[in-house]
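For reference, the chains in residue letters:
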Amino acid sequence: MLIGGSVHTIDAKGRLFFPARFKDHLWDNIYICRGIEKCLMLFSPEEWEIFSEKIRRQPFSVASRLQRYFFSTAAQCSVDSQGRLLLPQQLREFAGITKNVMVVGTQSRVEIWDVEEWEKSQLSNDDVKDIVDSIDF
């Protein structure tokens, strides 16, 4: 399970030292794409297939729009021998990533956020309570 969060710095070449805690689940053959929010989503090959299949099962008019959104800028990457992950330029621009990022495990995937965007996206305790109550948690 991918959990935990930490702040990292992007170097001048667009690389970040990828958290070692994800090594067992997400190191080689990482699929990276735009997130639903202003972040990047990283998947293992197994989780990428599950994600892709969910999109593929949608009605054609919905699937084609989602496929263009997620897959047109997606990339397959790996962490190098020094523990760095190169984030493609186009994806960094989408997420507004320039220097400091928050890398968070979200159970089945990892998200990478610009630190300021991450801080703006946080739910309050009341927000979480309302969500939990609305889904009969």
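Along each chain, residues carry numbers from 1 onward, in the same order as the chain's sequence is written. Per-residue local features are limited, in this predicted model, to residues with pLDDT of at least 70; the limit for side-chain atom pairs, both in listing and counting, is 80 or more; totals at the level of whole chains, interfaces and linings are taken over all residues. For the side-chain quantities, the full set of heavy atoms in the structure was used; hydrogens and water were omitted.

**Q** Please clarify how the environment of G4 should be interpreted in this entry.
**A** Only runs of H or I of at least four residues qualify as helices and only runs of E of at least two qualify as strands under DSSP, and these elements are numbered from the N terminus. Here G4 shows up in the segment before β1 (5-9). We call two residues in contact whenever any of their non-hydrogen atoms come within 4.5 Å of each other. Beyond its immediate stretch of four places on either side in the chain, G4 contacts R21, F22, V103, V104 and G105.

**Q** When you look at the pairing of β1 in this model, what are you seeing that I'm missing?
**A** Look at any regular strand and the pattern is simple: side chains alternate between the two faces of the sheet. Only protein chains enter the accessibility calculation, which uses a 1.4 Å probe; a residue is then buried when its area is under 20% of its type maximum, exposed when over 50%, and partly exposed in between. Burial along β1 is one-sided: S6 and H8 are buried, while G5, V7 and T9, pointing the other way, are not. Only when DSSP finds a minimum of two bridges between them are two strands counted as paired. The sheet contact formed by β1 and strand β7 (residues 100-105) spans 5 bridges and is antiparallel. If you follow V7 over to β7, its bridge partner there is M102.

**Q** What exactly am I supposed to notice about the pattern of salt bridges here?
**A** Where charged atoms of side chains with opposite charge meet at close range, the side chains can pair. Salt bridges, as used here, are contacts in which a Lys or Arg side-chain nitrogen is within 4 Å of a carboxyl oxygen on Asp or Glu. Scanning the model with the defined rule gives 7 salt bridges in all. Salt-bridge contacts for R56 lead to E49; the nearest nitrogen and oxygen are separated by 2.9 Å. Owing to a relative accessible area of 44%, R56 belongs among the partly exposed residues under this scheme. On the basis of relative accessible area, E49 is assigned to the partly exposed category, the value being 43%. With its nearest N and O atoms 2.9 Å apart, the salt bridge here joins K129 to D133. Taken together, the residues span about one helical turn, with K129 and D133 both in helix α5 (residues 125-134) at a distance of 4 residues. On the basis of relative accessibility, which here comes to 47%, the residue K129 falls in the partly exposed class. When salt bridges that share partners are traced, they join E49, E53 and R56 into one network.

**Q** In this structure, what is going on with the pairing of β7? I would like to understand it.
**A** Counting buried residues in β7 gives 5 out of 6 residues, a clear majority hidden from the surface. With 5 bridges joining them, β7 and strand β8 (residues 110-114) adopt antiparallel strand pairing. By the bridge assignment, V101 is partnered in β8 with D114. Hairpin remark: β7 followed by β8, antiparallel, with 4 residues in the connecting loop; positive phi at Q107, about 85 degrees.

**Q** Please clarify how helix α1 (residues 45-56) should be interpreted in this entry.
**A** Working note: α-helix, 3.6 residues per turn, so residues spaced by three or four point in the same direction. For a helix, the expected span equals 1.5 Å multiplied by the number of residues minus one. Taking 1.5 Å per residue as the helical rise, α1 with its 12 residues ought to reach 16 Å, and the 16 Å between its terminal C-alpha atoms agrees with that figure. The elements touched by buried residues of α1 are β3 (30-34), β4 (40-43) and α2 (60-71).

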